[in-house]
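# Breakdown of the fold
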Amino acid sequence: MQTTQDLRVSVQNMSCASCVGRVERTLLAVPGIEEVSVNLATETVQARIDSAQRLPDAIDALERAGYPARTQTVRLNVSSMSCASCVGRVDKALAAVPGVLEVDVNLASETATVNYVEGAVELSDLLTAAGEAGYPAEVADETSAEDRDARKEGEARDLARKTAFAAILALPVFLLEMGAHLVPGMHEMIGRTIGHQASWMIQFVLTTIVLFWPGRHFYTKGFPALWKGAPDMNSLVAVGTGAAYLYSVTALVAPALLPEAARAVYFEAAAVIVVLILLGRWMEARAKGRTGAAIQKLLGLQARTARVLVDGEPQDVAIEQIRAGDILVVRPGERIAVDGEVTEGTAHVDESMITGEPVPVAKAQGDPVTGGTVNGTGSFQFRATRVGADTTLAQIIRMVEQAQGAKLPIQGLVDRITLWFVPAVMGLAAVTVLVWLLFGPSPALSYALVAGVSVLIIACPCAMGLATPTSIMVGTGRAAEMGVLFRKGDALQQLTSVDVVALDKTGTVTQGRPELTDLVLADGFERAEVLALVAAVEAQSEHPIAEAIVRAGEAEGAARLDVAGFASYTGYGVQATVSGREVLVGADRLMVREGLSIKELADSERHLAQQGRTALFAAVDGKVAAVIGVADPVKPASAAAIAALHGLGLKVAMITGDKRETAEAIAQETSIDHVIAGVLPDGKVAALDALRGNGEQVAFVGDGINDAPALAHADVGIAIGTGTDVAIESADVVLMSGDLRGVVNAFEVSRRTMRNIRQNLFWAFGYNVALIPVAAGVLFPAFGLLLSPVLAAGAMALSSVFVLTNALRLRRVRPVMDETNASDRDASASLSPTPVAAE
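Computed from a prediction, not measured in an experiment: that's the story for all the values here.

## Description of the packing of aromatic side chains
Under the defined criterion, the tally for this structure stands at 15 aromatic pairs. Arranged with centres 6.0 Å apart and planes meeting at 70 degrees, the rings of Phe-212 and Tyr-245 form a pair that is edge-to-face. On the criterion of sequence distance, the pair formed by Phe-212 in helix α7 (residues 196-212) and Tyr-245 in helix α9 (residues 233-253) is long-range, its members being 33 residues apart. When its relative accessible area of 10% is taken as the criterion, Tyr-245 is described as buried. Of the aromatic side chains, those joined through ring pairs into one cluster are Phe-204, Phe-212, Tyr-219, Phe-223, Trp-227, Tyr-245 and Phe-267.

Put into structure tokens, the structure is as follows:
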């Protein structure tokens, strides 16, 4: 029988009574929803709903109607998760809370990220749901990564102490029992000295201490989970070691209950299993702590205090007390506390930890500075513009944490399997015991116990649960250190499916601003003289081409000359009197209109046009003096980056608003495969669809400013950042460097990480598929081999450690392209600019 429940949702975009009516009609049209009440003042909706499963339908209906429900995302630290089955149960418990839309549970980081409908869910509901499932949770705050690191260190120390104590007690147990079997004459020696009954009693006492002191966690967690019908890894260990222990106690205190041939003790198996699993968990805790090393490095970049001018005097204040508008003082060697703008002084700042660029950047008045970077030489003052959670570094940390907590599509299969994995193993262990009792040789009961315990112990859902999230944590963390930020975790997997990389031209392939590339002189004129005259005229203009000529004049130290009578002729050019000389600068039609002959330089102008450059003429005192070539230079690393993308088997296209001749010139210089030219900004989406014509997946790379629609529409949107502006909402991946090297590195990290995940999953599943049957005894009929529970425990412990160790190898991933291997190789590219952008 279905029971109705109240639903309360906060809704956006309601502005009038008509909106109220639309929202009401929209929800009433959803099956199972009735008694809808809409409050415009509080922007909330209350309704009766027959099932929590109807909520997603209601949310979708509101979205389609243009009144989306407000949602929030919270990150929880979750305790007591030990294996993939725990992940599934936490996920299921949180998802069952009415109003929860999406849950991502990460075993490696021991967190859960929950997206829920505002108003329908309280944080206490989520914490209660997790706690009732047996996994206490708390809300993660800004210092959660630091807390997690400290927690992991404390956990590793605690496990080390428990492991050492358990090993000291288990060693005599192991020597007494296994020595009697393996060392000739030891069995008789024990009988002659302390006696076998006393030996068993010593083993009983020591094993009892091991199980119920350092090993008690397995029983206090495992058995309650079993009683709830939700067994986990602890349950397997508890049942396996408990069975071996109780069988041994029975043989010790009530041997008459067992057949004479089956009277043996397995105290050493129970004790050593606990030791080995504790050892594995200690190694696992240490490895988990290292998976978050990238976040720790980023957190380490945050300054704790800063020198702020208060009434004109510098005072040390805590970073939390800095407010936007404060003036901060930075001395040589100090770390910059927050983002800001230089107001006084000059310096060279090391921004490598943010952008990956090793060369210090010169800073002067008006230049931006980024929190977390280090001042090299010089002292300066700056005005704080972004503080606290708004700083670039804080945004980067949030992006990395979100990516590390993401659930990739490949994880879905793992989750479905692991939910039933532990119950299936327990069922298989029961079948194994039954088969041995029915068909096994004498003593069948002993064989049945050994095989059943081995099956329980060797199964390792831990490895399956850790296979994906550990690789994601390490891979995305390493990517961040290389200046590649995965805003959306699934982009990590999606990149491996990309066939075509589509590039925006201006600001992506090219520098994004015109530069003077050629100055071809007529007979009788000198470069310095002509450049000074032309730059003086163009300094009066605001056109981008004029700015390029002025910059070139400043770079070459051109003389500053007086200008009078400046005039601009739209579509033709400009004219002025410079130090008493008449100067014209413009297109060929301006020269023709003024009756000046361009014959001497016509071939040079034609050659520049064929190269796609913008060609202008300059005339001095009625004679054509030079032809000027202006273009938007290709970035130094673009050609090498495109070659590297080709080396990865990818096709490269360029989408630009420029005319085809200009675009083809750039494509030829950089070896781009396909050009789509003459595209307006809103036409880039259609261009991407055209590239998908053969079912291929497309990644689009743009500067994130005017490319938002294309970034969002592509299968993977990659935004080239500026090193400070990283909050690009439309992109899946953000590159902190300003060129295409980061694109190559993003593909490399993606491929290496996904390969690492596949290796982990192959090991985790292959391990269980291969060894569970061995533990059950399939080799016994042919070879007489039956796996010892002790060996099973060792294999299980090592399985998780293998997965973690393999994931940690991603910390050694090196950039395919960096500052050194791009700039030298492409020095020629930087000297060979290409045409002015028309986008």
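## Topic: the pairing of strand β23 (residues 614-620)
Taking burial as the measure, the seven residues of β23 include six buried ones, the bulk of the element. In the sheet, strand β22 (residues 581-586) pairs with β23 via four bridges, with the strands oriented antiparallel. Directly across from Gly-586, in β23, lies its bridge partner Phe-617. Linking β23 back to strand β24 (residues 623-632) in an antiparallel pair, the connection comprises two residues, with Asp-621 at a positive phi of about 50 degrees.

## Looking at the environment of Val-265
In this fold, Val-265 is placed in the loop between α9 and α10 (267-291). Along the backbone, Val-265 and Leu-533 are 268 residues apart, and their C-alpha atoms lie at a distance of 102 Å. Dropping the residues within four chain positions of it, Val-265 is found in contact with Glu-177, Trp-200, Gln-203, Ser-248 and Ala-251.

## Let's talk about the pairing of β22
Relative to β22, strand β21 (residues 573-578) is paired through six bridges, and the arrangement is antiparallel. Across the sheet, the residue bridging to Gly-573 is Gly-586, located in β22. Hairpin connection, β21 to β22: the antiparallel pair is bridged by two residues, and Ser-579 has positive phi, about 50 degrees.

## What about a positive patch on the surface?
Taken together, the side chains of Arg-755, Arg-758, Arg-809, Arg-812 and Arg-814 present a region of like positive charge at the surface. Relative to the assigned elements, Arg-814 resides in the loop between α29 (789-808) and α30 (819-823).

## A short note on the pattern of salt bridges
Summed over all chains, the structure comprises 20 salt bridges. Of the charged contacts, one joins Glu-351 and Lys-363 as a salt bridge, the two residues approaching to 3.0 Å between their closest N and O atoms. You can see Glu-351 sitting in the loop between β12 (347-350) and α12 (352-355) and its partner Lys-363 sitting in strand β13 (residues 361-363), a full twelve residues away along the chain. Owing to a relative accessible area of 9%, Lys-363 belongs among the buried residues under this scheme. Across the salt bridge formed by Asp-715 and Arg-692, the nearest N and O atoms sit 3.1 Å from each other. Of the two residues, Asp-715 sits in the loop between α26 (708-713) and β28 (716-720) while Arg-692 sits in the loop between α25 (684-691) and β27 (698-702), which places them 23 residues apart along the sequence.

## Structural notes on the sheet that holds β13
Spatially, the three strands line up as an open sheet ordered β13-β12-β15, and their pairing is antiparallel. The open sheet has two free edges, formed respectively by β13 and β15 (374-377), since each of these has just one partner strand. Neighbour-to-neighbour, the strand axes of this sheet turn through a mean angle of 40 degrees, independent of strand direction. As paired elements, β12 and β13 share three bridges and run antiparallel to each other. Among the inter-strand pairings, Ala-347 is bridged to a residue of β13, identified as Lys-363.

## Details of the sheet that holds strand β17 (residues 484-486)
Read across the sheet, seven strands follow the order β17-β29-β28-β27-β18-β25-β26 without closing on themselves; strand pairing throughout is mixed. In the strand order of this sheet, the two ends are held by β17 and β26 (674-676), each with one partner. Along the sheet, successive strands turn relative to each other by an average axial angle of 20 degrees, direction set aside. Here β17 runs beside strand β29 (residues 733-735); their pairing, made up of three bridges, is antiparallel. Following the sheet pairing, Phe-486 is matched in β29 by Val-733.

## Considering the UniProt feature "domain: HMA" (unreviewed entry) in the protein chain
The UniProt record annotates "domain: HMA" (unreviewed entry) at residues 5-70 and 72-138. Span residues 5-70 is 35% helix and 29% strand, its end C-alpha atoms 20 Å apart. Here residues 72-138 runs as 33% helix and 34% strand, with 16 Å between its end C-alpha atoms.

## What about the side chain of Asp-632?
Tracing the backbone through its elements, the reader meets Asp-632 in strand β24. For the buried residue Asp-632, which engages in no salt bridge, the nearest side chain bearing the opposite charge is Lys-505, 4.3 Å off. A distance of 2.6 Å separates the side chain of Asp-632 from the side chain of Thr-510, its partner in a polar contact. In this structure the side chain of Asp-632 is engaged in a polar contact, spanning 3.3 Å, whose partner is the backbone nitrogen of Gln-511.

## Some remarks on the packing of helix α16 (residues 461-481) against helix α27 (residues 741-776)
Two elements in contact, α16 and α27, have axes separated by 9 Å at closest approach and are oriented at 165 degrees. Relative to α27, the element α16 is oriented roughly antiparallel. Taken as a pair, α16 and α27 cross one another with a handedness that is right-handed. On α27, the residues that touch Ala-463, Met-464, Ala-467, Thr-468, Thr-470, Ser-471, Ile-472, Gly-475 and Ala-479 of α16 are Val-749, Thr-753, Asn-756, Ile-757, Asn-760, Leu-761, Ala-764, Phe-765 and Asn-768. Here the contact of α16 with α27 is composed, by residue class, of ten nonpolar, eight polar and no charged.

## Topic: the nonpolar core
Core analysis: the biggest nonpolar cluster contains 143 residues, and Leu-126, Phe-486, Ile-718 and Phe-747 have the highest contact counts within it. Examining the composition of this core, we find that 13 residues originate from one element, α27, more than from any other. Among all residues touching Phe-486, those that are not within four sequence positions of it are Met-399, Ala-403, Thr-476, Ala-479, Ala-491, Leu-492, Leu-495, Asp-732, Val-733, Ala-746 and Val-749. Judged by nonpolar contacts, the second largest core, of 38 residues, contains Ala-536, Ile-549, Leu-584 and Leu-590.

## Observations concerning the environment of Glu-664
Within the secondary structure, Glu-664 is located in helix α24 (residues 660-670). What makes Glu-664 partly exposed here is its relative accessible area of 35%. When the C-alpha atoms of Glu-664 and Val-675 are compared, they prove to be 7.0 Å apart, with eleven residues separating the residues in sequence.

## Concerning the environment of Ala-444
Secondary-structure assignment places Ala-444 in helix α15 (residues 444-458). Between the alpha carbons of Ala-444 and Leu-434 there is a distance of 9.9 Å; along the sequence they are ten residues apart.

Thresholds, definitions, all that
Residues numbered from 1 in each chain as written. Predicted model: local features only at pLDDT ≥ 70, side-chain atom pairs only at ≥ 80, totals over all residues. Heavy atoms only, no water. Phe/Tyr/Trp six-rings, centres within 6.5 Å; stacked < 30°, edge-to-face > 60°. Helix = DSSP H or I, 4+ residues; strand = E, 2+ residues; numbered from the N terminus. Buried < 20%, exposed > 50% of the residue type's maximum accessible area, 1.4 Å probe, protein only. Pairing = 2+ DSSP bridges. Contact = heavy atoms within 4.5 Å. Patch = residues over 30% accessible without salt bridge, like charges linked within 9 Å, V, L, I, M, F, W, Y side chains within 5 Å. Areas by Shrake-Rupley, 256 points an atom, 1.4 Å probe, with all protein chains shown as cover. Salt bridge = Lys/Arg side-chain N within 4 Å of Asp/Glu carboxyl O. Lys, Arg positive; Asp, Glu negative; His and termini not counted. Charge placed at Lys NZ, Arg CZ, Asp CG, Glu CD. Axes fitted to C-alpha atoms, helices over the stretch in contact; angles between N-to-C directions. UniProt positions renumbered as here; feature names shortened; annotations may be inferred. Polar contact = N/O pair within 3.5 Å; in protein donor to acceptor, adjacent residues only side chain to side chain. Parallel < 35°, antiparallel > 145°, perpendicular 65-115°, else oblique. Left-handed = near helix turned anticlockwise from the far one by under 90°. Nonpolar A, V, L, I, M, F, W, Y, C, P; charged D, E, K, R; others polar. Core = buried A, V, L, I, M, F, W, Y, C linked by side-chain atoms within 4.5 Å.

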